[in-house]
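# An overview of the molecular structure
What follows is the residue order along each chain.
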Amino acid sequence: TLKKHTRPPDACLVEGAADELTLELPPAAVGVLFSGGVDSALIARLVADELAPGEAIDLVNVCFARGKGSPDRLSAREGAAELAACCPDREFRLVEVDSTLEEVDAQEARLRACLYPCRTHMDYNIGAALWMAASC
């Protein structure tokens, strides 16, 4: 089954039907940083195959445009739906983390220190997504 979540500034809440926030969920057994691409979908599927029955998996998708117009956000929604279809007995929870570049910029010094000695632009982008996902 697939449930969609959004992260307001102070908590992770489950979002049920359109625009209806319903309840706060317990933590999932595992979280996967999830773009909806082949790599993250494969990792999520392998986790689903190995995790004990009944354990939920959070598919954490980070968008730096407050959720608007991100190809990764659209891919994540499609990929999460495909996972739910192929593993109907597993609960996948798509956690949509909406952030801004200003939020990342505010953490730049600390983020770069954590990433050291990795200094490429790609390292920074992946590190920023992990940082924002962990804040949820």
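Residues numbered from 1 in each chain as written. Predicted model: local features only at pLDDT ≥ 70, side-chain atom pairs only at ≥ 80, totals over all residues. Heavy atoms only, no water.

## Quick word on helix α2 (residues 71-86)
When the terminal C-alpha atoms of α2 are compared, their 23 Å separation across 16 residues agrees well with the 22 Å that a helix rising 1.5 Å per residue should span. Taken as a whole, α2 has its buried residues at Arg-73, Ala-76, Gly-79, Ala-80, Leu-83 and Ala-84. Within α2, the buried residues cover an arc of 140° as seen down the axis, which keeps them to one side. What points out from α2, more than 90 degrees from its buried face, is the exposed set Pro-71, Leu-74, Glu-78, Glu-82 and Ala-85. (Helix = DSSP H or I, 4+ residues; strand = E, 2+ residues; numbered from the N terminus. Expected span 1.5 Å × (residues − 1). Buried < 20%, exposed > 50% of the residue type's maximum accessible area, 1.4 Å probe, protein only. Arc of directions from axis to C-beta.)

## Remarks on a nonpolar patch on the surface
A cluster of nonpolar side chains, contributed by Leu-33, Met-122, Ile-126 and Leu-130, occupies part of the molecular surface with about 370 Å² of accessible area. Counting residues per element, the nonpolar patch draws most heavily on helix α5 (residues 121-134), which supplies three residues. By secondary structure assignment, the location of Leu-33 is in strand β4 (residues 30-33). (Patch = residues over 30% accessible without salt bridge, like charges linked within 9 Å, V, L, I, M, F, W, Y side chains within 5 Å. Areas by Shrake-Rupley, 256 points an atom, 1.4 Å probe, with all protein chains shown as cover. Salt bridge = Lys/Arg side-chain N within 4 Å of Asp/Glu carboxyl O.)

## Brief notes about α5
Taking 1.5 Å per residue, 14 residues should reach 20 Å; α5 reaches 20 Å between its end C-alpha atoms and fits that length. Along its buried surface, α5 packs onto β4, β5 (57-63), β6 (92-98), α3 (101-106) and α4 (108-115). (Contact = heavy atoms within 4.5 Å.)

## Observations concerning the confidence of the model for the protein
Low-pLDDT portions of the prediction should not be read for the details of their coordinates. On average, residues of the protein carry a pLDDT of 82, and 83% of them reach 70 or more. When the criterion is pLDDT under 50, residues 7-22 qualifies, and its contacts beyond four places in sequence or with other chains add up to 34 contacts. (pLDDT = per-residue confidence, 0-100.)

## Concerning the side chain of Glu-96
For Glu-96, the position within the fold is in strand β6. In this structure the side chain of Glu-96 is engaged in a polar contact, spanning 2.7 Å, whose partner is the side chain of Arg-77. (Polar contact = N/O pair within 3.5 Å; in protein donor to acceptor, adjacent residues only side chain to side chain.)

## Re the pairing of β4
Two strands pair when backbone bridges link them, and β4 and β5 are joined in this way by four bridges, in the parallel orientation. Looking at β5, one finds that Gly-31 is bridged to Asp-58. For the crossover from β4 across helix α1 (residues 38-50) to β5, the handedness is right-handed. (Pairing = 2+ DSSP bridges. Right-handed = clockwise from strand over helix to strand, strands pointing away.)

## A closer look at the pattern of salt bridges
Scanning the model with the defined rule gives six salt bridges in all. Salt-bridge contacts for Asp-58 lead to Arg-93; the nearest nitrogen and oxygen are separated by 2.7 Å. You can see Asp-58 sitting in strand β5 and its partner Arg-93 sitting in strand β6, a full 35 residues away along the chain. Residue Asp-58 shares its accessibility class with Arg-93, and that shared class is buried. Across the pair Glu-96 and Arg-77 runs a salt bridge whose closest N-O atoms are separated by 2.7 Å. Here Arg-77 lies in helix α2 and Glu-96 lies in strand β6, a separation of 19 residues in the sequence.

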